[in-house]
Amino acid sequence: MSRVRVAVLISGRGSNLQSLIDAAKAPDYPAEIALVVSNKQDAAGLQVARDAGVLTKVISHKVFGSREAFDRAIDAALREAKIGLVAEAGFMRIHSEWFAKTWEGKALNIHPSLLPLFPGIRVHQQALDAGVKESGCTVHFIVAELDSGPTILQAAVPVLLGDTAETLAARILMEEHRIYPEALKLVAQGKVKLDGGRAVFL
Ligand code: GRF
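Residues numbered from 1 in each chain as written. Predicted model: local features only at pLDDT ≥ 70, side-chain atom pairs only at ≥ 80, totals over all residues. Heavy atoms only, no water.

Draft legend 1. Summary view of the layout of surface pockets. Here the largest pocket is characterised by a volume of approximately 850 Å³. Residue lining of the largest pocket: 36 residues in total, with Gly90, Met92, Ile110, His111 and Pro112 positioned closest to the centre. The set of elements that each furnish at least two residues to the lining of the largest pocket consists of helix 1 (15–23), strand 5 (107–111), helix 5 (123–130) and helix 6 (165–188). Broken down by element, the lining of the largest pocket gets its largest block of residues, 4 residues, from helix 6. (1 Å grid on protein atoms, 1.4 Å probe; cavity = no way out; pocket = protein on both sides within 12 Å on 5 of 7 lines; lining within 4 Å. Points joined across faces, edges and corners; volume = space filled by probe spheres on them. Helix = DSSP H or I, 4+ residues; strand = E, 2+ residues; numbered from the N terminus.)

Structure representation (structure tokens):
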């Protein structure tokens, strides 16, 4: 079985990265985690990658004059590693339109809310402030606009009385770790495609 080579883009902890690495250990998983790119030298997720023997690369956004210049450096690293799909997991940079177009249909992101509700940052506090009874997570294809793009999978969890941003985040994170590997699998198998601005299940 030929497996799709996946790059995971991170900026921090790397727990979603870990869930993808774990899923990809299964012999019948259709993707392999071949590269981890971080824009931060001190991202804890880099150690997650190293522990799993995955190639890592740090590309700091700070040395580039524009979003697109940074994105072109990432793109070069992806091409050098013969990457077929990109999975972003806590990658805290907004992409240029150029990157979104170049990797259209081949780049995924996970966001800890039921998009289109609560894009951006302080997501769990946004959910608590809004008083919603459910929140969750979304895996979506990346488009130029932040935290939007066709949904591949979502999972909902209840918001409980007394929840703090931390307790809600922890409940949602468990679902993130379940649906991200599942969504990546569907895309790697060609069972979901971006078509006409929608995620189409085949
Ligand atoms: C996750 O909640 C993800 O949905 C969001 O950032 C967090 C990253 O966590 N985009 P981790 O680095 O995967 O542990």
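Draft legend 2. Inspection of the pattern of salt bridges at higher detail. A full pass over the atoms with the stated rule returns 8 salt bridges. A salt bridge links Lys25 to Asp22; its shortest N-O distance comes to 3.3 Å. The class for Lys25 is exposed, based on a relative accessible area of 61%. (Salt bridge = Lys/Arg side-chain N within 4 Å of Asp/Glu carboxyl O. Buried < 20%, exposed > 50% of the residue type's maximum accessible area, 1.4 Å probe, protein only.)

Draft legend 3. Local environment of the nonpolar core. Membership of the largest hydrophobic core comes to 43 residues, with the highest contact counts inside it found for Val8, Leu17, Ile33, Val36, Ile152 and Leu184. Residue contributions to this core peak at 9 residues, all from helix 6. Ignoring sequence-local partners within four residues, the contact set of Leu184 consists of Val6, Leu20, Tyr29, Ala31, Ile33, Leu85 and Leu108. By size, the runner-up hydrophobic cluster in this structure holds 18 residues, among which are Val37, Ala77, Ile83 and Ile142. (Core = buried A, V, L, I, M, F, W, Y, C linked by side-chain atoms within 4.5 Å. Contact = heavy atoms within 4.5 Å.)

Draft legend 4. The arrangement of the packing of aromatic side chains in detail. Evaluated as defined, the whole model comprises 3 aromatic pairs. Taken together, a centroid distance of 5.9 Å and an interplanar angle of 50 degrees make the contact between Phe64 and Phe70 tilted. Arranged with centres 6.3 Å apart and planes meeting at 20 degrees, the rings of Phe70 and Phe91 form a pair that is stacked. Of this pair, Phe70 sits in helix 3 (residues 67–80) while Phe91 sits in the loop between strand 4 (85–88) and helix 4 (97–102); the two residues are 21 residues apart in sequence, bridging distant segments of the chain. Exposure class is identical for Phe70 and Phe91. Each is buried. Chaining the aromatic ring pairs together yields one cluster made of Phe64, Phe70 and Phe91. One residue, Arg72, lies across the ring of Trp98, its end atom 4.1 Å from the ring centre. (Phe/Tyr/Trp six-rings, centres within 6.5 Å; stacked < 30°, edge-to-face > 60°. Lys NZ or Arg CZ within 6 Å of the ring centre and 35° of its normal.)

Purely spatial values, then, with no claim about function.
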